[in-house]
Amino acid sequence: MATVDSSVELEGATAATGDGLTHSMRKNGRFVNPWPGWALPSFTGSPNMFQLMWKFTTGSGDQSSIPSQEVLDTTLPIVTPDFSSPVPEDGMKVTWLGHASVLVQFENISVLTDPIFSQRAAPFQFMGPKRYRGPPCRVQDLPTVDVVVISHNHYDHLDYNTVKDLHKRFGEKLCWHVPLGMSAWMKGMGCENVVEQDWWQEERVKDREDIKVVFTPAAHWCKRGPTDDNLVLWGSWCVIGRRSRFFFGGDTGYCHGFKEIGKKYGPFNLAAIPIGAYEPRDFMKNQHVNPEEAVQIHQDVQAKQSLGIHWGTFKLTFEGYLEPRSRVKEAMEAKGLKVEDFFTLDHGGSKVITIPQTEPSIEKETAT
């Protein structure tokens, strides 16, 4: 399938094309954030500069908020996923596999987001951020996966070993939907069924014309090596069926793009929204939302229910390991929203999202 690159190459702060949507931008051949005031994270701008540099380089640093495994087994359990229970015809089933890895099943399709089953989020498995909660299953334990969506190329979202294992198991039957600039890396891994997309680009799933996959904006950045800064785009994803709509927030700071997504594609039956890795705020604000901003995204995209992701797996930042969960609850209460509408799961835990029979058809037209 041909790549559609509609990114705008210009020197300004916004990419306006007259459709009321914020489009991807490039400057000197590299993607840039179109959001006013966005700046690339800088170690030198943080009072915790040396702590951060050491921590992000070695995976060590402040681990004081992570208790013993015995305590973790009680406060943040790992359960064996139940992949055998059926997915109701009138609903969706979501399983959290840790960090930003989510398996969503609906309308006879299974979608996997940013899968990582490795112990470390790093180019090597002997150094870098290490899991304090292991994966609840192995790639070989998964049910059939039809689609994988990748939000960006950071190591905790695009994992070499996991991609290799998924390709080994499912081969060309597995369809990979990835951002602009990533297809060469994917094909270098042997993956053949790769669809590269720009923001707002809509594609139908191969052999499933009733399922639409849309790449949508986010506020983040990309890098895997010393010189490849932002050669790959970043973003969020919408997967749209006949009656079901799923939004995956990926990894992001807050931006007005979420209101645009909600207006064009909402409401969503289910959203997976990042809630962790946000402290210290002066360093993380532009790239990672905090729980209060996550709740705002929940409202912006018009999610009926949201799952908190991107927490409780890797020690990436300095907030307490359970703080994201409690602050989401407090933020929902502060806004007068139903706390149960923004939930978290145990590692490996699942939840069924019922779609009422009286709900109108989800296939409102969003023509390409």
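Residues numbered from 1 in each chain as written. Predicted model: local features only at pLDDT ≥ 70, side-chain atom pairs only at ≥ 80, totals over all residues. Heavy atoms only, no water.

> Which parts of the structure should I look at to understand the pattern of salt bridges?
Any two side chains of opposite charge can pair, on the condition that their charged atoms come close. Here the structure, examined in full by the defined rule, presents 12 salt bridges. For Asp-210, the salt bridge identified is with Arg-242, shortest N-O distance 2.4 Å. In this pair, Asp-210 is assigned in strand 11 (residues 208-216) and Arg-242 in the loop between strand 12 (236-240) and strand 13 (245-248), connecting sequence segments 32 residues apart. With relative accessibility at 42%, the residue Arg-242 sits in the partly exposed group. (Salt bridge = Lys/Arg side-chain N within 4 Å of Asp/Glu carboxyl O. Helix = DSSP H or I, 4+ residues; strand = E, 2+ residues; numbered from the N terminus. Buried < 20%, exposed > 50% of the residue type's maximum accessible area, 1.4 Å probe, protein only.)

> Just to check I follow, could you spell out the confidence of the model for the chain for this structure?
Low pLDDT marks regions whose predicted coordinates should not be analysed in detail. Summarising the model, the chain shows a mean pLDDT of 89, and 86% of its residues fall at 70 or more. Here residues 10-16 scores under 50 on pLDDT; set against residues more than four positions off or in separate chains, the count is 17 contacts. (pLDDT = per-residue confidence, 0-100. Contact = heavy atoms within 4.5 Å.)

> Would you mind going over the side chain of His-177 with me for this structure?
Take His-177: it is sitting in strand 8 (residues 175-179). Of the residues examined, His-177 reaches a relative accessible area of 0% and is grouped as buried. Aside from chain neighbours lying at most four places away, what touches His-177 is Val-147, Val-148, Val-149, Ile-150, Val-195, Gln-197, Glu-203, Val-213 and Trp-237.

> Looking at this structure, I do not really get the packing of helix 7 (residues 291-300) against helix 8 (residues 323-334). What am I missing?
The packing of two helices is summarised by the inter-axis angle and the distance between the axes. The geometry of helix 7 relative to helix 8 is characterised by a closest axis approach of 8 Å and an angle of 55° between their N-to-C directions. Of the possible angle classes, the one that applies to helix 7 and helix 8 is oblique. Crossing angle aside, the handedness with which helix 7 passes helix 8 is right-handed. Packed against helix 7, whose contacting residues are Pro-291, Glu-292, Val-295 and His-298, the element helix 8 presents Pro-324, Arg-327, Val-328, Ala-331 and Met-332 at the interface. For the contact of helix 7 with helix 8, the per-class residue count stands at six nonpolar, one polar and two charged. (Axes fitted to C-alpha atoms, helices over the stretch in contact; angles between N-to-C directions. Parallel < 35°, antiparallel > 145°, perpendicular 65-115°, else oblique. Left-handed = near helix turned anticlockwise from the far one by under 90°. Nonpolar A, V, L, I, M, F, W, Y, C, P; charged D, E, K, R; others polar.)

> Please clarify how unusual backbone geometry should be interpreted in this entry.
Of note, the amide linkage connecting Gly-266 to Pro-267 takes the cis form, showing an omega dihedral of 0°. With respect to the helices and strands, Pro-267 occurs in the loop between helix 5 (257-265) and strand 14 (270-274). A cis amide bond links Glu-279 to the next residue, Pro-280, at an omega of 0°. As for its placement among the helices and strands, Pro-280 is situated in the loop between strand 14 and helix 6 (281-284). Not every positive phi belongs to a glycine, and His-99 is a case in point at roughly 50°. Relative to the helices and strands, His-99 is located in the loop between strand 4 (91-96) and strand 5 (102-106). The exposure class assigned to His-99 is buried, which follows from its relative accessible area of 1%. The backbone phi angle of His-310 is positive, close to 65°, even though this residue is not glycine.

> Any chance you could explain the side chain of Arg-245 here in plain terms?
Within the fold, Arg-245 resides in strand 13. The class of Arg-245 is buried, set by a relative accessible area of 1%.

> For this particular structure, what's the right way to read the pairing of strand 12?
Residues in a regular strand point their side chains to alternate faces of the sheet. Most of strand 12 is tucked away: five of the five residues are buried. On strand 12, burial covers both faces: Ser-236, Cys-238 and Ile-240 on one face and Trp-237 and Val-239 on the other are all buried. Examined bridge by bridge, strand 11 and strand 12 share five bridges and lie antiparallel to one another. Looking at strand 12, one finds that Thr-216 is bridged to Ser-236. In this structure, strand 12 lies alongside strand 13, joined through four bridges in antiparallel fashion. Of the residues in strand 13, the one forming a bridge with Cys-238 is Phe-247. (Pairing = 2+ DSSP bridges.)

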